[in-house]
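Residue strings, one per chain:
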Amino acid sequence: IYADTSAEYEGIGSFPSSVNHIRPLSVYACSKRGGALMAEAFSQLHPIAVSYVRYFNVYGPAQDFRRVVPPVMSAFVLRLLRGESPVIYGDGKKSRDFIHVDDVNAFHLKLLKEPALWGKTFNLGSGESHTILEIFQKIQRLLSSTLAPEHKPDLPMEAQMTLADIKESLATGWSPKIRLEEGLQDFIQYTKRRLAT
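Reading the values: the criteria
Residues numbered from 1 in each chain as written. Predicted model: local features only at pLDDT ≥ 70, side-chain atom pairs only at ≥ 80, totals over all residues. Heavy atoms only, no water. Helix = DSSP H or I, 4+ residues; strand = E, 2+ residues; numbered from the N terminus. Pairing = 2+ DSSP bridges. Axes fitted to C-alpha atoms, helices over the stretch in contact; angles between N-to-C directions. Contact = heavy atoms within 4.5 Å. Phe/Tyr/Trp six-rings, centres within 6.5 Å; stacked < 30°, edge-to-face > 60°. Buried < 20%, exposed > 50% of the residue type's maximum accessible area, 1.4 Å probe, protein only.

Digging into unusual backbone geometry
Here comes step 1: Look at the link from Phe15 to Pro16: it is a cis peptide, with omega at 0 degrees.
Here comes step 2: Mapped onto the secondary structure, Pro16 falls in the loop between strand S1 (2-5) and helix H1 (27-45).
Here comes step 3: With a phi close to 75 degrees, Ala62 is a non-glycine residue in the positive phi region.
Here comes step 4: Within the fold, Ala62 resides in the loop between strand S3 (57-59) and helix H2 (72-81).

This is the structure in C-alpha cells:
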C-alpha cells in the first residue's frame, strides 16, 4: 500500500477530486508523485501489487502534533485544553475533507485481505468538506470554551478546499462510519487522557 496524498489534486480546480485527474504543484505533492512512480516501476520488475491510497485530512488518536504547523484538530484541541487561543491561518474559510483514522485503518484491512482490490487507486476521505472555522467552533463547543482564535497570515501553497470523490472506495463495500462530531469527541477524550498522564 503506497501512502499517497490528496495534495496530488492541488492544481485541479474541480470538486470532488477524482482519482483520474491529478496535478501536484508543491514540493511535497511532487515528492509523493515521485514515490508513486517509483512504486509503480518496482511493481513492473517484481511480482508485487501496489495499491495507491490518497489520504485526505486524517485525524484521531496518536496524531503527531509536534510539527512546526501541527494538524488543525490537534492544534485546536491541545491549545484550548491548555487555556490558550488556537491559531487559524487566514480567515478560516478554507475547507477540508476530514476522515477518522479508524475508518482509514478499516479500509487498510479490507485492502490487505482482498486481492481483487490490489493495484488500484483509492481516495480516503469522508466525501464531506468542513471549514477550518467550523471545526474550531465544534471543538470550542465540545470543550465549553470561550477562547477566541488568533488569526495569522495565510500559509503559502495551501489548498482552499479538499473534497474526496470516494466512489471507488465505496464500491469495495467500505464506507466511513465515524461522523465528525463523534470523531471529535473521541479525539478530545483521548487527548485529555494523554495530557493527564
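Quick notes on the sheet that holds strand S2 (residues 52-55)
Here comes step 1: Strand order in the open sheet formed by three strands is S1-S2-S7, and the pairing between neighbours is parallel. Unpaired on one side and paired on the other, S1 and strand S7 (121-124) mark the two borders of the sheet. The mean inter-strand angle of the sheet, taken between neighbouring strand axes irrespective of direction, is 30 degrees.
Here comes step 2: Pairing of S1 with S2 involves four bridges; the strand directions are parallel. Along S2, the bridge assignment pairs Ala3 with Val53.
Here comes step 3: Against the sheet, H1 touches S1 and S2, its axis set at about 150 degrees to S1.

Here we look at the packing of aromatic side chains
Here comes step 1: Overall, the coordinates contain six aromatic pairs when judged by the stated rule.
Here comes step 2: Between Tyr59 and Phe98, the aromatic rings sit 6.4 Å apart at their centres with planes inclined by 85 degrees, giving edge-to-face as the arrangement. Of this pair, Tyr59 sits in strand S3 while Phe98 is found in strand S6 (residues 98-100), placing the two residues 39 residues apart along the sequence. Phe98 matches Tyr59 in its accessibility class, with the two residues each being buried.

So far we have only geometry, and geometry alone does not tell us how the molecule works.
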